[in-house]
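What follows is each chain in one-letter form.
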Amino acid sequence: MDRSKLTTEQRQAALAERIAVFLAQGWRVEALMDFQVILVKGRPANLVFHLLLGVITFGVWLIFWPAVALDSAEHRVVLAVDEAGRIGTVSGSLPSVESPTPIALAASATPTVR
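All figures in this text were calculated on a predicted structure; none of them were measured in a lab. (Residues numbered from 1 in each chain as written. Predicted model: local features only at pLDDT ≥ 70, side-chain atom pairs only at ≥ 80, totals over all residues. Heavy atoms only, no water.)

Undergrad: Explain the overall build of the chain to me, and be specific about the residues and the numbers.
TA: A tally of regular secondary structure across the chain gives three helices and four strands. Moving toward the C terminus, one meets the helices and strands of the chain in the order α-β-β-α-α-β-β. Burial statistics for the chain: of 114 residues in total, 25% are counted as buried. In the chain, the share of contacts with a sequence separation of at least 24, taken over all contacts with a separation of at least 6, comes to 52%. (Helix = DSSP H or I, 4+ residues; strand = E, 2+ residues; numbered from the N terminus. Buried < 20%, exposed > 50% of the residue type's maximum accessible area, 1.4 Å probe, protein only. Contact = heavy atoms within 4.5 Å.)

Undergrad: Explain the pairing of strand S2 (residues 36–41) to me, using residue names and the numbers behind them.
TA: Regular strands show a simple pattern: their side chains alternate between the two faces of the sheet. Bridge count between strand S1 (residues 28–32) and S2: four bridges; the pairing is antiparallel. From the neighbouring strand, Ala31 faces S2, where its bridge partner is Ile38. Between the antiparallel neighbours S1 and S2 lie three residues. By the bridge criterion, six bridges tie S2 to strand S3 (residues 75–81) in an arrangement that is antiparallel. Bridging from a neighbouring strand, Val40 pairs with Arg76 of S3. (Pairing = 2+ DSSP bridges.)

Undergrad: Kindly report on the packing of aromatic side chains, identifying the contributing residues and their values.
TA: Within the structure shown, the criterion is met by two aromatic pairs. Aromatic pair Trp61 and Phe64: ring centres 5.7 Å apart, planes at 40 degrees, arrangement tilted. Judged by relative accessible area, Trp61 falls into the partly exposed class, the value being 24%. The positively charged end of Arg11 is found above the aromatic ring belonging to Phe35, 3.6 Å away from the centroid. (Phe/Tyr/Trp six-rings, centres within 6.5 Å; stacked < 30°, edge-to-face > 60°. Lys NZ or Arg CZ within 6 Å of the ring centre and 35° of its normal.)

Undergrad: Residues and numbers for the side chain of Asp82, please.
TA: As for its position among the elements, Asp82 is in the loop between S3 and strand S4 (87–89). Only 3.1 Å separates the side chain of Asp82 from the backbone nitrogen of Ala84, close enough to count as a polar contact. (Polar contact = N/O pair within 3.5 Å; in protein donor to acceptor, adjacent residues only side chain to side chain.)

Undergrad: Quick one: what's the story with helix H1 (residues 8–24), residue by residue and with numbers?
TA: For an α-helix, the turn length of 3.6 residues means that residues three or four places apart are oriented alike. Over its 17 residues, H1 runs 24 Å from end to end, which matches the ideal 24 Å to within 8%, given 1.5 Å per residue. Turning to H1, its buried residues number three or more, namely Arg11, Ala14, Leu15, Arg18, Ile19, Val21 and Phe22. The buried residues of H1 occupy one face: seen down the axis, they fall within an arc of 155 degrees. Turned more than 90 degrees off the buried face of H1, the exposed positions are Glu9 and Ala24. Its buried side turned inward, H1 meets S1, S2, S3 and S4. (Expected span 1.5 Å × (residues − 1). Arc of directions from axis to C-beta.)

Undergrad: So what's going on with the nonpolar core? Residues and values would help.
TA: Membership of the largest hydrophobic core is limited to eleven residues, which are Ala14, Leu15, Ile19, Phe22, Trp27, Val37, Leu39, Val77, Leu79, Val81 and Ile87. Only H1, S2 and S3 provide two or more residues apiece to this core. Residue contributions to this core peak at four residues, all from H1. (Core = buried A, V, L, I, M, F, W, Y, C linked by side-chain atoms within 4.5 Å.)

Set out below in structure tokens:
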């Protein structure tokens, strides 16, 4: 066995440690696979509620609605762990979160998906 390759359990444990860091920062798990996870932060704006506010305030609230909609977007990140235990994102670099463990955060061997 090549020393640079980790077992399935070791890879899953490394990913679980990184997920715990994101959960502590307010992210939530949307989907979990063996070596990948989709994490989400934020909530979409309740469009029906804001439309009703616009009607109730005779359109005044519609001035503020775009700012609320832009500020309340969901942010997603897909984390993946490769055979060497390096954790990176499928779509680019990791968002800024503090890690209590020394997990390698260099760009992983996972191809970029756009």
